[in-house]
Amino acid sequence: MSTITFQGNPIETIGSLPSVGSQAPDFTLTKGDLSDVSLADFKGKWKILNIVPSLDTGVCAKSAKEFNDEVKNYSNLVVLNISRDLPFAATRFCSAEGVDNIIPLSEMRDQSFGKTYGVTMTTGPLAGIHSRAVVVLDDQDKVVYTEQVPEIAQEPNYVEALKVVKK
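Here's a quick rundown of the structure. (Residues numbered from 1 in each chain as written. Predicted model: local features only at pLDDT ≥ 70, side-chain atom pairs only at ≥ 80, totals over all residues. Heavy atoms only, no water.)

1. Looking at the packing of aromatic side chains
Summed over all chains, the structure comprises 4 aromatic pairs. Centre to centre, the rings of phenylalanine 27 and tyrosine 117 are 6.4 Å apart; their planes meet at 65°, and the pair counts as edge-to-face. Remark: tyrosine 117 occurs in the loop between α3 (113-116) and β8 (133-137) and phenylalanine 27 occurs in the loop between β2 (9-12) and β3 (28-30); sequence separation between them is 90 residues. An identical accessibility class is assigned to phenylalanine 27 and tyrosine 117; each is buried. What links up through ring pairs into an aromatic cluster is the set Phe27, Phe113 and Tyr117. (Phe/Tyr/Trp six-rings, centres within 6.5 Å; stacked < 30°, edge-to-face > 60°. Helix = DSSP H or I, 4+ residues; strand = E, 2+ residues; numbered from the N terminus. Buried < 20%, exposed > 50% of the residue type's maximum accessible area, 1.4 Å probe, protein only.)

Shown next, in the form of C-alpha cells:
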C-alpha cells in the first residue's frame, strides 16, 4: 500500500507499483473501439504507462498532452494513457484536444489493472479510481522507472520518466 495525498489529506492505494527491475505484469485494457489489448500488443516497444484518475481533470489532461507532445521525439515508444474513464470519453477527449500520439486505455471491462499495478485508491473521496502514477517499461517489458505521484493534484516528473527511454 502507498500513502499519497488528495488536497493535502492522506489516502491509500491498494498496493505498490511494480519494482524497478521486475517483469511488468500483463494486463487487459479496452481501447476506444472497444477492442481489448494486452501488454503483448505492444511487444518490442518502450512503453510509458501514464496512469491517471480521469482525463476529465486539468492535471490528467495536461499530463496526456505533455506525453503526447514528447512521444513524437522517440522512434520506438508508445504512451498508454490508462484510467477508468469510459473508452468513449477518453477518445472524445483526445479528438477534441488534438491528442493523437498516445493510446487511451480504459479499465472498463477487466478491472484487475489497478490492483495488479497497485494504483487503485482505497480510501478518500476518489476511492475506486486510479492514483496518478507513471511506469516506464523497456522493449522487453522490464520495469525501468516508476513514480507514484505523492499528491493527486501534482503532475508527474516528465523529465525523469523520459530520461530512461532509449530513442
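2. What about the nonpolar core?
Ile48, Phe67, Leu77, Phe93, Val134, Val136 and Val165 are the most contacted members of the largest nonpolar core, which has 22 residues in total. Contributing elements (two or more residues each) for this core: β5 (46-51), α1 (58-71), β6 (77-83), α2 (87-97), β8 and α4 (158-163). Residues in contact with valine 165, not counting those within four places in the same chain, are Trp46, Ile48, Tyr74, Leu77 and Val136. Of all hydrophobic cores here, the second largest spans 20 residues; its members include Ala24, Phe113, Ala133 and Val143. (Core = buried A, V, L, I, M, F, W, Y, C linked by side-chain atoms within 4.5 Å. Contact = heavy atoms within 4.5 Å.)

3. Examining a nonpolar patch on the surface
Judged by side-chain polarity, Leu34, Leu86 and Phe88 come together as a nonpolar surface patch covering roughly 270 Å² of accessible area. Its place among the elements puts leucine 86 in the loop between β6 and α2. (Patch = residues over 30% accessible without salt bridge, like charges linked within 9 Å, V, L, I, M, F, W, Y side chains within 5 Å. Areas by Shrake-Rupley, 256 points an atom, 1.4 Å probe, with all protein chains shown as cover. Salt bridge = Lys/Arg side-chain N within 4 Å of Asp/Glu carboxyl O.)

4. A word on α1
In this model, α1 (14 residues) spans 20 Å end to end at C-alpha, consistent with the 20 Å of a helix rising 1.5 Å per residue. Listed in full, the buried residues belonging to α1 are Cys60, Ala61, Ser63, Ala64, Phe67, Asn68 and Val71. One side of α1 carries all its buried residues, which in axial view fall inside an arc of 160°. As for α1, its buried residues are in contact with β5, β6, α2, β7 (102-106), β8 and α4. (Expected span 1.5 Å × (residues − 1). Arc of directions from axis to C-beta.)

5. Looking at the pattern of salt bridges
Summed over the entire model, instances satisfying the criterion amount to 6 salt bridges. Between aspartate 36 and arginine 109 there is a salt bridge, with the nearest N and O atoms lying 2.7 Å from each other. Placement of the pair is aspartate 36 in strand β4 (residues 36-38) and arginine 109 in the loop between β7 and α3, with a sequence separation of 73 residues. By relative accessible area, which is 44% here, arginine 109 ends up partly exposed. Across the pair glutamate 107 and arginine 84 runs a salt bridge, and its minimum N-O distance is 2.4 Å. Separated by 23 residues along the polypeptide, glutamate 107 in the loop between β7 and α3 and arginine 84 in the loop between β6 and α2 bring together distant segments of the chain. Note on arginine 84: relative accessible area 26%, which makes it partly exposed.

6. Re the state of the cysteines
Here is the idea: a disulfide is a covalent bond, and it sits between the sulfur atoms of two cysteines. All told, the structure shown has 0 disulfides when counted by the stated rule. Considering cysteine sulfurs only, cysteine 94 is the nearest to cysteine 60, which forms no disulfide, with 12 Å between them. (Disulfide = S-S within 2.5 Å.)

7. Some remarks on unusual backbone geometry
Positive phi outside glycine occurs at glutamine 7, with the angle close to 55°. With respect to the helices and strands, the residue glutamine 7 is situated in the loop between β1 (3-6) and β2.

Geometric values such as these leave the question of function open.
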